[in-house]
Each structure stands twice: as C-alpha cells, then as structure tokens.
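# What the coordinates show
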Amino acid sequence: MYRRFGKTEGEKGSPLYGRIAIALSESDEALRVIEAGPARRRHPTLVLAALHDLALAGQSPALAAALEASSASKLAAPVAPHRGVAGGDGARSVAEVAVEVMAETGELVLERVAGRKVRGDEGGRHAVLYPAVAEVARRVGTGAVGLVDVGRAAGLNLVVDQVGISYGNGPVLGAADSAAQVSASVVGDGLLPSAPVPEVVARVAVGDELVDVTNADEARWLRACLPPDQVERSARLQAEVALAAADPPEMVRGAVVDVLPEAIARVPDGVLPVVMTTWVLSSLGLEERLRFLQRLDEAATRRPVAWVSVEGVGVAPGVPTYGDRKASGHSILGVSVFKHSSLHATGVGRCWLRGEMLAWFADA
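Below, the structure is looked at part by part. Everything numeric in this text was worked out from a predicted model, so none of it was measured. (Residues numbered from 1 in each chain as written. Predicted model: local features only at pLDDT ≥ 70, side-chain atom pairs only at ≥ 80, totals over all residues. Heavy atoms only, no water.)

Here the idea is simple: oppositely charged side chains can pair when their charged atoms come close. If you walk through the whole model with that rule in mind, you get 18 salt bridges. A salt bridge links arginine 112 to aspartate 53; the shortest N-O distance between them is 2.7 Å. Within this pair, whereas arginine 112 is found in helix H6 (residues 89-113), its partner aspartate 53 is found in helix H4 (residues 44-56), the two being separated by 59 residues in sequence. Of the charged contacts, one joins lysine 117 and glutamate 209 as a salt bridge, the two residues approaching to 3.1 Å between their closest N and O atoms. Of this pair, lysine 117 sits in the loop between H6 and helix H7 (126-140) while glutamate 209 sits in the loop between strand S5 (199-207) and helix H8 (216-224), placing them 92 residues apart in sequence. We classify lysine 117 as partly exposed; its relative accessible area is 43%. Several salt bridges share partner residues, and in doing so they unite Asp53, Arg112, Asp217 and Arg220 into one network. (Salt bridge = Lys/Arg side-chain N within 4 Å of Asp/Glu carboxyl O. Helix = DSSP H or I, 4+ residues; strand = E, 2+ residues; numbered from the N terminus. Buried < 20%, exposed > 50% of the residue type's maximum accessible area, 1.4 Å probe, protein only.)

The nonpolar side chains of a soluble globular protein tend to be buried with one another. Membership of the largest hydrophobic core comes to 54 residues, with the highest contact counts inside it found for Leu147, Tyr167, Val274, Val308 and Leu333. With 9 residues, H7 is the largest single contributor of residues to this core. For valine 308, the contacting residues outside a window of four places in its chain are Leu129, Ala132, Val133, Val136, Val274, Val275, Met276, Thr277, Leu333 and Gly334. Membership of the second largest hydrophobic core comes to 34 residues, among which are Leu51, Ala98, Val113 and Ala224. (Core = buried A, V, L, I, M, F, W, Y, C linked by side-chain atoms within 4.5 Å. Contact = heavy atoms within 4.5 Å.)

What follows is about the packing of helix H10 (residues 256-265) against helix H11 (residues 286-299). Where H10 contacts H11, the axes come no closer than 9 Å and their chain directions differ by 20 degrees. The pairing of H10 with H11 is recorded here as roughly parallel in orientation. When you trace H10 past H11, the crossing you get is right-handed. Taking contact as the criterion, the partners of Val257, Asp258, Leu260, Pro261 and Ile264 in H10 are, on H11, Glu288, Arg291, Phe292, Arg295, Leu296 and Ala299. For the contact of H10 with H11, the residue count by class is 7 nonpolar, no polar and 4 charged. (Axes fitted to C-alpha atoms, helices over the stretch in contact; angles between N-to-C directions. Parallel < 35°, antiparallel > 145°, perpendicular 65-115°, else oblique. Left-handed = near helix turned anticlockwise from the far one by under 90°. Nonpolar A, V, L, I, M, F, W, Y, C, P; charged D, E, K, R; others polar.)

By themselves, these are just geometric observations and shouldn't be taken as functional.
Structure representation (structure tokens):
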C-alpha cells in the first residue's frame, strides 16, 4: 500500500511524500511500527501527516530540518517503486530521516494518529463565495450580514470578507492588503459583481467535527495535513487560520440539520443570516437535504434568511440546474432567499476545480 501510494503521490500530488512513502515501504522496522497501530489508522496520508505534525511540534528537529530543506528546494524527481529512493541527495536524506523517526519514535506517531482525521482540504472557498454573498446581500438590501458556515471543520469560509481575491479577467475583490490571497480564473461572458461584502457582524461555524483554530494543537494539525512541499497551499492555509483565530467564530456542534436553527439564531436581530454550504450536502441523503431546506424556511418566519450554495448539479434542493446533468464535472453556485414562507432561488454561476474556475451567468 505504501509503495503504491508513493508512486501515485509522487506523480500527481507531493513528490516529497512519494519519496517518504516508498522509503517507509522498504523499511521492515518502519512497517512493524505502522502495523502495531489499528488497521484503520495505517493509511499513508494519516501517518505522513502525523510525521509532519511531529516535526512542526518541535519533537523531531532532525525531521523538521530535513522537511524544510527539501520543501525549500522543491525537489521534483520522479518516483520509482523499487529498492532505493529516487531523487537527489536531499530527497534521500529526508526519506532516511523519516524512516529513522518512525523506527525510533514510532509510538509518538501512533499517538498522533489516534482519533485524528486527515484534513487536507480545509481552506476557504472564497473566490466563489465572495461575489455570491455580496449579491445576496444586495438583493435583500442589507448593510450587515452574519455568516454561518455549514459542515466545514475549520470554518475558514467565514473569513471570506478578509481575504484578497484576484480573478483572471475580472475585478480584484476583498481585502487587497490581506495576508491571505487567493485567485480564480473566470470563463464566459458574465461579469462578476463588484459590490463588496457588507459588514460581517457574526461568524458561526456549525458541524459535528469542528476544529478550534485558536487551539495551537488543532491549528497545527491542519497545517500538518498538507504536504510540506505544497508551499503555496500551506502558506495560504496558515494565513486563513491566523485570520480566523484573530476573530474566532462561535461554534455550534452537532449534526448540521439538527443544530442549524441554533446556529442561525446566533446571528443578531436586524442582521441578515447568510448560510453557506460548499460541497457539504452531497454527504446527506435526499431526506436530510429536504430537512435542511425546511430548517432554512422555518428560520425565515421572523426575518429573511439567505443561503449561498456551492454544490454539485442537482444536490442543493430548490436551486435550478438549468438542464445540466448530474455528475457533469462542475457545480452550481446558488443564491436563495427565504422570506415569509416563500423561497426565491436562482443559480448565479457554475464552477470547476473546487472553485478555482468560475463562470458567472450573464443575466445574474
């Protein structure tokens, strides 16, 4: 499994992790340590994240130095699934150090994998969310919003107003001077709205596996789940975590459909709650998704409630699909407003590559 993972990761993901995985696959001592852990905790992504976390925590200075040096050089030699580790001396060095750490202090690695999940995709989806949040606020006519991020463990969608966003052929939105900068390409003839997101007066994260970004160990684990040689992603994640920790969200823990009313209630009166879902509803069955829609409708008996959805075609109930087929490879960006037991839902765009490419509808 480690040899297979190493070859695939080396070719498509992280060359550095590819080398380390192959080195682990060739070490009897390292494999014995891995086999001592529970079967469901032996996957390379989890063990490699635990090794990375060990280095970031300062408990393995040698590994930390080797990872830093290898990441800085961005070695990218192809990985070969045979005896010996492909690449130059630096690549061999970091792989050998990782094997030594696993063999000599494997109990520390196993401690880290216990009860942990790999969270390698926690960054916010700011490029698609920002224009949609601004648009729904404009439609309702509000000058203040309360953001409710559903199902994203670290709740990093909640800093959407504090991030700088560059679009390939459109405006630069958000905070141009922010330490967190993201980009997306824009296709099609639709022009992105240039209105800013209004004042954000409440930030609420809701879910059953929330991460407290103010907790140093939990925040470090988020970073550890990204391979060290993915330098730009790691830097962006750190910047987003720092923004979130400076203004930490309220956290409402529990199954999202059950606790959504409580989360919306955390938004002060007179402020528009904007519930955001980004590729979350596909994990729910149709009945639960319809209950989710019902919860939004129930919350709108006293005031309008908005919902910005970025979901696969046909996943978000009530959001038009415009004839697109399910599993078509793109997602629909929906903007919905619930008010006095009525729903006005429109699709305002399509996106690909988890929001890295966006098409805004010309008539939106």
